[in-house]
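Spelled out from the first residue to the last, the chains are:
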Amino acid sequence: MSRAFREGVAKNKRMHAPIRRRNWSPVRDLQGLKSRTQTIGSQMGPLVEIPAMVRIENEHWVFERIEEGVLYNLTHKLILHDINGEKVIGGTTDMRTAMKVAQCMAQKENRIIMIQPI
């Protein structure tokens, strides 16, 4: 038995299997995902600087998508200052809501929000 392992399998009794190389072309394979993304992106409309409407319900932040009609009613945007610079975190339709959001951020998160008229 040990001699069989040392000498290997005879050439005429070896099993031959072709080596298959997988040809992966990411553009072709991901074409469905790409087209779906483009379709959804075109349906969502143009990008805007204000990412979400912010509401506070039961002491929780609620972010909502903005419809195009709501953008015309926005009066103030909320800007958070970080080490990396300014980041717009949302917009409000009146000054009272903007003040509530800024106060909440100051009390709970110890962060200061700048309220800027649009």
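Residues numbered from 1 in each chain as written. Predicted model: local features only at pLDDT ≥ 70, side-chain atom pairs only at ≥ 80, totals over all residues. Heavy atoms only, no water.

(A) Inspection of the overall build of the chain at higher detail. If you tally the helices and strands in the chain, you get 5 helices and 5 strands. Along the chain, helices (α) and strands (β) appear in the sequence α-α-α-β-β-α-β-β-α-β when read from the amino end. Expressed as a percentage of the 118 residues in the chain, the buried residues total 17%. When contacts within the chain are restricted to residue pairs at least 6 apart in sequence, long-range pairs at least 24 apart make up 50% of them. Of the roughly 10500 Å² of accessible surface on the chain, 54% is carried by carbon and sulfur atoms. (Helix = DSSP H or I, 4+ residues; strand = E, 2+ residues; numbered from the N terminus. Buried < 20%, exposed > 50% of the residue type's maximum accessible area, 1.4 Å probe, protein only. Contact = heavy atoms within 4.5 Å. Areas by Shrake-Rupley, 256 points an atom, 1.4 Å probe, with all protein chains shown as cover.)

(B) Helix H3 (residues 31-44), seen in detail. Counted at 1.5 Å a residue, the expected span for H3 with its 14 residues is 20 Å, and the 20 Å between its end C-alpha atoms agrees. Trailing H3 by a residue or two, glycine 45 shows a phi angle of about 95°, which is positive. (Expected span 1.5 Å × (residues − 1).)

(C) Quick peek at the nonpolar core. Counting residues in hydrophobic clusters, the biggest one holds 9 residues: Val54, Leu78, Leu80, Ile89, Ala98, Val101, Ala102, Met105 and Ile113. Of all elements in the fold, only strand S3 (76-82) and helix H5 (95-109) reach the threshold of two or more residues within this core. Considering each element in turn, this core owes the most residues, 4 residues, to H5. Non-local contacts of leucine 78, meaning those with residues more than four positions away in its chain, are made with Lys87, Val88, Ile89, Gly90, Thr92, Ala98, Val101, Ile113, Met114 and Ile115. (Core = buried A, V, L, I, M, F, W, Y, C linked by side-chain atoms within 4.5 Å.)

(D) Main features of the confidence of the model for the chain. Considering every residue of the chain, the mean pLDDT works out to 77; 86% of them sit at 70 or more. The lowest-confidence element of the chain is helix H1 (residues 2-7), averaging 59 in pLDDT; the highest-confidence one is strand S5 (residues 113-117), averaging 87. (pLDDT = per-residue confidence, 0-100.)

(E) View of H5. Taking 1.5 Å of rise per residue, 15 residues should cover 21 Å, and H5 covers 20 Å from first to last C-alpha, within 8% of that figure. When we look at burial in H5, the residues that qualify are Ala98, Val101, Ala102, Cys104 and Met105. One face of H5 carries all of its buried residues, which in axial projection span an arc of 160°. What points out from H5, more than 90 degrees from its buried face, is the exposed set Arg96, Lys100 and Gln107. Taken from the residues just after H5, asparagine 110 is the one with a positive phi, measuring 55°. (Arc of directions from axis to C-beta.)

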